[in-house]
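Each chain, written out:
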Amino acid sequence: MLIKSIESLNDGLNIFWSDNSSSCFPWLWLKDHSESQVDLHPDSKQRQIDVFSNPPNNSVDTVLLDSASKYITIRWEDESESSLSFELLQSTSEPKLPQSLAMNSSTCWNTPGEIKIFPEITYKDFMSDGGIKTWLSHIQRVGFALVIETPETPDATKELMERMAYIRNSIFGGFSVWDNKLENPDDTAFTSLAIEPHTDGTYVHDAPGLQTLHCIKRDSIGGENQLIDGLAIAEKMRHENPDAFNILCNVNIPGRYIKPDTYLEAYRSLFRVNDNGDIIQVSFNNHDRAPFRLENDQMVKFYDAYKIFHNLANDPCRQFEFMLDPGKVLTFDNWRLLHARSSLTGYRQLCGGYHNREDFESKLRSV
Ligand SMILES: [Fe+2]
């Protein structure tokens, strides 16, 4: 689509596109969105014009379209000038409410067999030019990535994580090393017990975006890890159980985490959707669910819906099961995948930590 012609109206500037459609951009919006060096920082893209403190003089002197139809320049009567690119005008040609970034459900998987390309990369490739891009695209596509042949040390794991972004701090610390022999573990993650499918951080407002785990020492039997695609369950329930899907989109389930001097609580629906109904985030942890009570008929419906999700997540057919061995670093999208672990006997030492979701998205945009 190209700009065919422009026409100044009282309300704004009418742009006629090459497909014979037109868009009328209000004068105030055009002034506010000027991309000239004075109005918009050329590198950070931070807005430098303020159309609110000093109400602008919106009297237009002239409007020009450059010969290549790439820029529109507006000269105002106060002698200021606004400049807007074709790309900005075209991307905003249709008015619509801004939407939070949704996940792409086209590559979600109901069974491990539906994962077309196994998301694995060697440490050497990961650390080479372009390695992080491949790794990020694996996580974006199927929700996780494995880096194999990694040096079996905390330092190498930390360095790997910091290649993505700074490591997030949480009640568990930043980058951590732990084993299953703690005397008074305050979380099942630090025990040898089986852990049901869940997402981490249902009790914090901004759940961790990515989680990385590396088992650096293993002298144990059992302890297999399982990953389940929560996005695939969401899409299945949307189509097969729409009423249950809607309940899980609308009930803000409280999550809770209590230990000495700490009492965290947050509220989030199991399926968080944007205004288009697309999935932004999946949150599920039955163990950390705090008490709440709905009207009896609604509570029954909630339990039925939650049970459908719970049973789908616990269906072994949906679970990608593997062993976290020394040298194999797992990173997964905690806003999309659920993770679980079988019980084990023996000794394991692990290390890892979290990244924020926005840093994952930032890296995807910038590599
Ligand atoms: Fe967990």
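Placed above this text is the structure.
The structure reproduced in this document is the subject of the present report. Everything numeric here is computed off the predicted structure, so don't read it as measured data. (Residues numbered from 1 in each chain as written. Predicted model: local features only at pLDDT ≥ 70, side-chain atom pairs only at ≥ 80, totals over all residues. Heavy atoms only, no water.)

## Here's the deal with the coordination of the iron ion
Protein-derived ligands of the iron ion are His198 (NE2), Asp200 (OD) and His339 (NE2), with the metal-ligand distances lying across 2.2 Å. For the iron ion, the single-chain donor residues occur in sequence as H-x1-D-x138-H. Owing to a relative accessible area of 9%, His198 belongs among the buried residues under this scheme. With a relative accessible area of 12%, Asp200 lands in the buried category. (Donors = N, O, S within 2.8 Å, 3.2 Å for Na, K, Ca; no water. Buried < 20%, exposed > 50% of the residue type's maximum accessible area, 1.4 Å probe, protein only.)

## Focus: helix α4 (residues 131–142)
With 12 residues, α4 ought to run about 16 Å at 1.5 Å a step, and its terminal C-alpha atoms sit 17 Å apart, in line with that. Among the residues of α4, Gly131, Ile132, Trp135, Leu136, His138, Ile139, Arg141 and Val142 are the ones counted as buried. A positive backbone phi angle near 95 degrees is found at Gly143, which sits one or two residues after α4. (Helix = DSSP H or I, 4+ residues; strand = E, 2+ residues; numbered from the N terminus. Expected span 1.5 Å × (residues − 1).)

## Some thoughts on the packing of α4 against helix α9 (residues 357–366)
Running from amino to carboxyl end, α4 crosses α9 at an angle of 125 degrees, the nearest separation of the two axes being 10 Å. One element, α4, and the other, α9, form an angle in the oblique class. In this structure, α4 crosses over α9, and the sense of that crossing is left-handed. Contact with α4, carried on its side by Ile132, Leu136, Ile139 and Gln140, involves Phe360, Lys363 and Leu364 of α9 and no other residues of that element. (Axes fitted to C-alpha atoms, helices over the stretch in contact; angles between N-to-C directions. Parallel < 35°, antiparallel > 145°, perpendicular 65-115°, else oblique. Left-handed = near helix turned anticlockwise from the far one by under 90°. Contact = heavy atoms within 4.5 Å.)

## Thoughts on the nonpolar core
Ranked by internal contacts, the top residues of the largest apolar core, which has 31 residues, are Met237, Leu248, Leu270, Phe271, Phe302 and Phe309. At seven residues, helix α8 (residues 296–313) tops the list of elements feeding residues into this core. Setting aside residues up to four positions removed in sequence, Leu270 forms contacts with Leu248, Val251, Ile253, Gln281, Val282, Ser283, Phe284, Tyr306 and Phe309. Judged by nonpolar contacts, the second largest core, of 17 residues, contains Ile115, Leu324, Phe332 and Leu337. (Core = buried A, V, L, I, M, F, W, Y, C linked by side-chain atoms within 4.5 Å.)

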